[in-house]
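Residue-level listing of the chains:
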Amino acid sequence: MPLVDLFTFTRAELTEPVRFCDGRWVVSAYDDVRAILADPVTYLPDNALTAVTPVAPAALRSLVRARFSLPPTLANNGSESHAGLRRLVASFFTPVRVAAAEPRIRELVLERLGGTDLVRDLAWDLPAIVLMELLGLENVDIPTLKRWSTGSLEFFWGNISTERQLELVDDVGDFHQWLIKRYHARDGELFHALADAGVSAEDSAGLCYFLLIAGQETTTQLLSTALRRALQDRDLWARLPDRDVAESFVEDVLRTETPVVTWRRLTAREVVLSGTRIPQGAELVLLLSGKESDPKHLAFGYGRHFCLGAGLARLEAAVTLQTVAAHEPSLHLLDDTPEWLNLLSFRAPKSVAVSR
Ligand code: HEM
């Protein structure tokens, strides 16, 4: 059986429903993936945020010095505290609050028209600004937040050398310390809500570390992939100003080329998946990008940990595509071979170069 590279594989390379690869089990059949996500007792979420490349001792020492920790809070929490924390965070992303953000999203897109790289000039900071506003976090330096969050993604999900870990580890630690400080200062609505609910500084920082990354890096990636793909199809580009077309195109991108290409679970006991026996304590890598023929997509997961930002991500993507296509009907894609972000769980083009 040929090896697949966990950081670059395509769906077509996964010829079996379950494939053992570099110590991990890649599960790609829709029914298996859905059943796994639906059963958090047999398939624990505990490894959701575990570093894919083991943290080297020198980098670990820096993390310890920075008192960095990621206790179980949301995505990595299989315990009883999950429901309450999830409710608290969900209150910031109710359908009403998300819908109310639409004019602001459109305004941000309009301010960002005219650039020559749609990632750098549009997709990069827009989701971060929207997220900070929804969470009531003011005076956040967005370029610093982006450096911390892209660095953290690479640190935890990348196939990286010890040297690279050491280059990134200060950003990981600084980000966490900034969160601890904001918690103690009750600086912003989110931190008020956490402190009022009696959530400790450590748990709050761990929760926010994940939320402030997951809540915007993924959307930057979705916008990047969607803009690139839309510009490859002139007929589609002409129809995208129609909101229904934009929304169904976003679903299509999520189904077949979602940014969060995989998500992980840990087996609590021995299991059999599509005829393959998998031991207790095994790391499963679930393929979330699907086939056209799958009944529904799993881009936002399923069940107890279903993404809390699905509505927001969909809205940001639809409004962005609709607005750019309406104002720039003759926009053209330039360079067809951009550098790609290739992490275990995140994939997207790093640039979308255009001319007009
Ligand atoms: C295209 C954008 C996004 C994608 C593809 C995505 C995908 C995912 C996936 C696959 C999960 C794990 C689901 C599971 O284990 O069943 C997840 C969880 C989560 N996502 Fe997203 N996400 C996106 C955007 C967002 C945004 C904008 C937010 C901010 C509100 C967000 C917040 C969360 C949270 C808080 C969780 C953990 C929920 C829990 O454990 O209860 N995500 N997301």
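Residues numbered from 1 in each chain as written. Predicted model: local features only at pLDDT ≥ 70, side-chain atom pairs only at ≥ 80, totals over all residues. Heavy atoms only, no water.

- The name recorded for the chain in an unreviewed UniProt entry is Cytochrome P450, from Lentzea aerocolonigenes.

Thoughts on the overall build of the chain
Link 1 in the chain: Each helix and strand counted, the chain has 15 helices and 11 strands in total.
Link 2 in the chain: Relative to its length of 356 residues, the chain is compact, with a C-alpha radius of gyration of 20 Å against a globular reference of 21 Å.
Link 3 in the chain: In terms of overall dimensions, the chain has a C-alpha envelope of 55 × 55 × 40 Å along the principal axes.
Link 4 in the chain: Every one of the 356 residues in the chain was classed for burial, and the buried ones make up 56%.
Link 5 in the chain: If you take every contact in the chain between residues at least 6 apart in sequence, the share linking residues at least 24 apart comes to 72%.
Link 6 in the chain: Total accessible area computed for the chain in this model is approximately 15,200 Å², and 53% of it derives from carbon and sulfur atoms.
Link 7 in the chain: For the chain, the distance from the average position of its 37 positive side-chain charges to the average position of its 47 negative side-chain charges is 3 Å. (Helix = DSSP H or I, 4+ residues; strand = E, 2+ residues; numbered from the N terminus. Rg over C-alpha atoms; globule rule 2.2 N^0.38 Å. Buried < 20%, exposed > 50% of the residue type's maximum accessible area, 1.4 Å probe, protein only. Contact = heavy atoms within 4.5 Å. Areas by Shrake-Rupley, 256 points an atom, 1.4 Å probe, with all protein chains shown as cover. Lys, Arg positive; Asp, Glu negative; His and termini not counted. Charge placed at Lys NZ, Arg CZ, Asp CG, Glu CD.)

Digging into the site of the ligand
Link 1 in the chain: Taken together, 29 residues sit near the ligand, with His82, Arg86, Arg265, His305 and Cys307 positioned nearest.
Link 2 in the chain: Contact between the ligand and Arg265: an oxygen atom at 2.9 Å from a side-chain N or O atom of the residue.
Link 3 in the chain: At 3.2 Å, a backbone N or O of Tyr302 approaches an oxygen atom of the ligand.
Link 4 in the chain: Broken down by secondary-structure element, the contributors of at least two residues to the shell around the ligand are α3 (81-90), α11 (201-214), α12 (217-231) and β4 (262-267). (Near = heavy atom within 4 Å. Polar contact = N/O pair within 3.5 Å; in protein donor to acceptor, adjacent residues only side chain to side chain.)

Quick word on the packing of aromatic side chains
Link 1 in the chain: Throughout the structure, instances matching the rule amount to 14 aromatic pairs.
Link 2 in the chain: Ring plane angle 25 degrees and centroid distance 5.9 Å describe the contact between Phe68 and Phe156, whose orientation is recorded as stacked. Taken together, the residues Phe68 in the loop between α2 (57-65) and α3 and Phe156 in helix α8 (residues 142-157) connect sequence positions 88 residues apart. Each member of the pair, Phe68 together with Phe156, is buried.
Link 3 in the chain: Ring plane angle 85 degrees and centroid distance 6.4 Å describe the contact between Trp263 and Phe346, whose orientation is recorded as edge-to-face. Taken together, the residues span a long stretch of sequence, with Trp263 in strand β4 and Phe346 in the loop between β9 (340-342) and β10 (347-349) at a distance of 83 residues.
Link 4 in the chain: Through a chain of ring-to-ring contacts, the aromatic side chains of Phe68, Trp148, Phe155, Phe156, Trp157, Phe175, Trp178, Tyr209, Trp263 and Phe346 assemble into a single cluster.
Link 5 in the chain: The ring of Tyr183 has Arg186 sitting right over it, with the charged end atom 5.0 Å from the ring centre.
Link 6 in the chain: One residue, Arg347, lies across the ring of Phe9, its end atom 5.0 Å from the ring centre. (Phe/Tyr/Trp six-rings, centres within 6.5 Å; stacked < 30°, edge-to-face > 60°. Lys NZ or Arg CZ within 6 Å of the ring centre and 35° of its normal.)

Overview of the coordination of the iron atom of the ligand
Octahedral metals with six donors have ideal donor angles of 90 or 180 degrees. Tetrahedral metals with four donors have an ideal donor angle of 109.5 degrees.
Link 1 in the chain: Protein coordination of the iron atom of the ligand rests on one atom only, Cys307 (SG), at 2.3 Å.
Link 2 in the chain: With respect to the helices, strands and loops of the structure, Cys307 is situated in the loop between β7 (283-287) and α15 (310-327). (Donors = N, O, S within 2.8 Å, 3.2 Å for Na, K, Ca; no water.)

A short note on the pattern of salt bridges
Link 1 in the chain: One pass over the structure, following the stated rule, counts 24 salt bridges.
Link 2 in the chain: Its salt-bridge partner being Arg147, residue Asp171 comes within 3.2 Å of it at the nearest N-O pair. Within this pair, whereas Asp171 is found in helix α9 (residues 162-184), its partner Arg147 is found in helix α8, the two being separated by 24 residues in sequence.
Link 3 in the chain: According to the relative accessible area criterion, Arg147 is partly exposed, its value standing at 45%.
Link 4 in the chain: For Arg164, the salt bridge goes to Glu167, with nearest N and O atoms at 2.6 Å. Highlighted residues: Arg164 and Glu167, both in helix α9, separated by 3 residues, approximately one helical turn.
Link 5 in the chain: Residues participating in the shared-partner salt-bridge network are Glu102, Arg106, Arg243 and Glu247. (Salt bridge = Lys/Arg side-chain N within 4 Å of Asp/Glu carboxyl O.)

Quick notes on the packing of α12 against α15
Between two packed helices, the angle of one axis relative to the other and the distance separating the axes together describe the packing.
Link 1 in the chain: Relative to each other, α12 and α15 sit at 35 degrees, their axes nearing to 10 Å. Read as a crossing pair, α12 and α15 show a hand that is right-handed. Contacts from Thr219, Leu222, Leu223, Ala226, Leu227 and Ala230 of α12 reach α15 at Ala313, Glu316, Ala317, Thr320 and Leu321.
Link 2 in the chain: Per-class residue counts for the contact of α12 with α15 are 8 nonpolar, 2 polar and 1 charged. (Axes fitted to C-alpha atoms, helices over the stretch in contact; angles between N-to-C directions. Left-handed = near helix turned anticlockwise from the far one by under 90°. Nonpolar A, V, L, I, M, F, W, Y, C, P; charged D, E, K, R; others polar.)

Section: the pairing of strand β1 (residues 18-21)
Link 1 in the chain: Alignment of β1 against strand β2 (residues 24-27), held across 4 bridges, turns out to be antiparallel. Residue pairing across strands places Phe20 opposite Trp25, the latter belonging to β2.
Link 2 in the chain: In sequence, β1 turns back onto β2 through a hairpin of 2 residues, with Asp22 there showing a positive phi of about 50 degrees. (Pairing = 2+ DSSP bridges.)

Focus on the nonpolar core
Link 1 in the chain: If you look at the biggest cluster of nonpolar residues, it comprises 125 residues, and the most contacted ones within it are Phe93, Trp157, Leu212 and Leu240.
Link 2 in the chain: Tallying contributions element by element places α15 first for this core, with 10 residues.
Link 3 in the chain: Excluding its chain neighbours within four sequence positions, the residues that come into contact with Trp157 are Phe7, Ala48, Leu49, Val52, Ser152, Trp263, Arg264, Leu343, Leu344, Ser345 and Phe346. (Core = buried A, V, L, I, M, F, W, Y, C linked by side-chain atoms within 4.5 Å.)

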